[in-house]
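The chain contents come next:
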Amino acid sequence: MALSVALLHSCMTPLHYYQVYDVETEGLQSDKQAVLFSNDDCDIAYDLWGEAGNSGFFFRNNTDKDIYIDLTRSFFIRNGIAYDYFADAEYTHSITSTTSSAAALSASFTQLWYELPMWTPTVVTRGAQLSASGSTGTTSSVTTREAKFICVPAYSAKFIAGFNISDYIYKECGNDKFNRPKLKSEHITFSREKSPLVFRNRICYYVGNSEEVATIDNSFWISGFTNFNGKEFFITHSEEDCDNSSILSKVKVHKYRSANKFYNKYQFAQPKTSPFYY
C-alpha cells in the first residue's frame, strides 16, 4: 500500500487555477485601463491588476503649486483594519561601478510614466553598445530613511507604492465543479453590504504652503469572482515588428486583465494524464 501511494504521488502534478475578483468603487470612474478619481487639485489613477492585487496609485498634481502627501495621515484600510503608508523605515541600496576592458558593455534604461492627460502607460527602452578595455568593479551602499511627506511638483505625477489587497482564496468545500472548473466556474456576486472584502485608500495632502489638510477617501469592494482553469486564464499574443511584416515572438498574456480586477492563483494535485493538465 505504501508503495502504491508513493507511485500515485509521483504521477501527480499541480494543476493551476485562477480566482479573478471584480472590484466596484464609490465615486470613481472605472474601465479596463484605469480606475480614476479626480478633483480640482489632483487626479488619482489605480491599476489593481496583479496577483493579490495592488493598492498603489499614480497621483497627478493639477495645480501650479507643489502638493505634499502626508504619509503619516494616509492609510490603506482593509475590512476596517488600517495599515500605515508611513513605516518610518530605512532602505539600503547597493551601487556598483564597473569599468570593462576587452568586453562589450550593454546599457539599457527602462522608464515607465503616464502620458498626461490620458494616463496611458508608456514604456520606453533605450539601449547602447559600448566598447572598452580592462575590468574592475566596486560596490557601495546608500541608506535612506523614508520621508513623512512626498512632494509632487506642480503639473507632474508620482507613483505611490501600496499594499497587496488580499491573497485569500474562496472555496466551496466538496464542490469540485466550482473549485476545479474545466474552463470557468459560475460567477459569484456580492452587494457592498455582503462583500467579503471592503478596502479603502485614505490620502491626506497639503497644497503649497497651506496649513489646511485635504483628505481623499477612495472606497472599493469585491463585487464578485470567477474561478478559471489555467488554459482559460491565458491567451497567446503575437508580438509583431513596427510595420507588422513579421512576428517577433509569441507570449502568453492574461485574458481577463483589467484595472478594476485582480486575481489569486491556487492549485490542486492532478494526474499528469489528465486532459486538463496545464
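Residues numbered from 1 in each chain as written. Predicted model: local features only at pLDDT ≥ 70, side-chain atom pairs only at ≥ 80, totals over all residues. Heavy atoms only, no water.

Caption draft 1: Structural view of the confidence of the model for the protein chain. Mean pLDDT over the protein chain works out to 78, with 69% of the residues at or above the 70 mark. Contacts of residues 98–135 to residues separated by more than four positions or lying in other chains number 64 contacts, the stretch itself having pLDDT below 50. Across residues 271–278, where pLDDT falls below 50, the model places 19 contacts with residues more than four positions away in sequence or in other chains. (pLDDT = per-residue confidence, 0-100. Contact = heavy atoms within 4.5 Å.)

Caption draft 2: Geometry of unusual backbone geometry. For Ala 52, which is not glycine, the phi dihedral falls at a positive 70°. Secondary-structure assignment places Ala 52 in the loop between strand S4 (42–46) and strand S5 (57–61). Taking the relative accessible area as the measure of exposure, Ala 52 reaches 6% and is therefore buried. Positive phi outside glycine occurs at Tyr 155, with the angle close to 55°. By the element assignment, Tyr 155 lies in the loop between strand S13 (149–152) and strand S14 (157–160). (Helix = DSSP H or I, 4+ residues; strand = E, 2+ residues; numbered from the N terminus. Buried < 20%, exposed > 50% of the residue type's maximum accessible area, 1.4 Å probe, protein only.)

Caption draft 3: Looking closely at the pattern of salt bridges. As enumerated under the stated definition, the model contains eight salt bridges in all. Here Lys 261 ties to Asp 22 by a salt bridge, and the two come within 2.4 Å at their closest N and O atoms. Of this pair, Lys 261 sits in strand S20 (residues 261–271) while Asp 22 is found in strand S1 (residues 12–26), placing the two residues 239 residues apart along the sequence. For Lys 261, a relative accessible area of 22% translates into the label partly exposed. A salt bridge links Asp 64 to Lys 65, with the nearest nitrogen and oxygen atoms 3.6 Å apart. Residue Asp 64 is classed as exposed on the basis of its relative accessible area of 54%. Classification of Lys 65 as partly exposed rests on a relative accessible area of 45%. (Salt bridge = Lys/Arg side-chain N within 4 Å of Asp/Glu carboxyl O.)

Caption draft 4: Up close: the sheet that holds strand S2 (residues 29–30). Taken together, five strands build an open sheet; the order of strands is S2-S3-S4-S5-S14 and the sheet is antiparallel. For this open sheet the edge positions go to S2 and S14, each flanked by a neighbour on one side alone. Bridging between S2 and strand S3 (residues 35–38) involves two bridges; their strand directions are antiparallel. Along S3, the bridge assignment pairs Gln 29 with Leu 36. (Pairing = 2+ DSSP bridges.)

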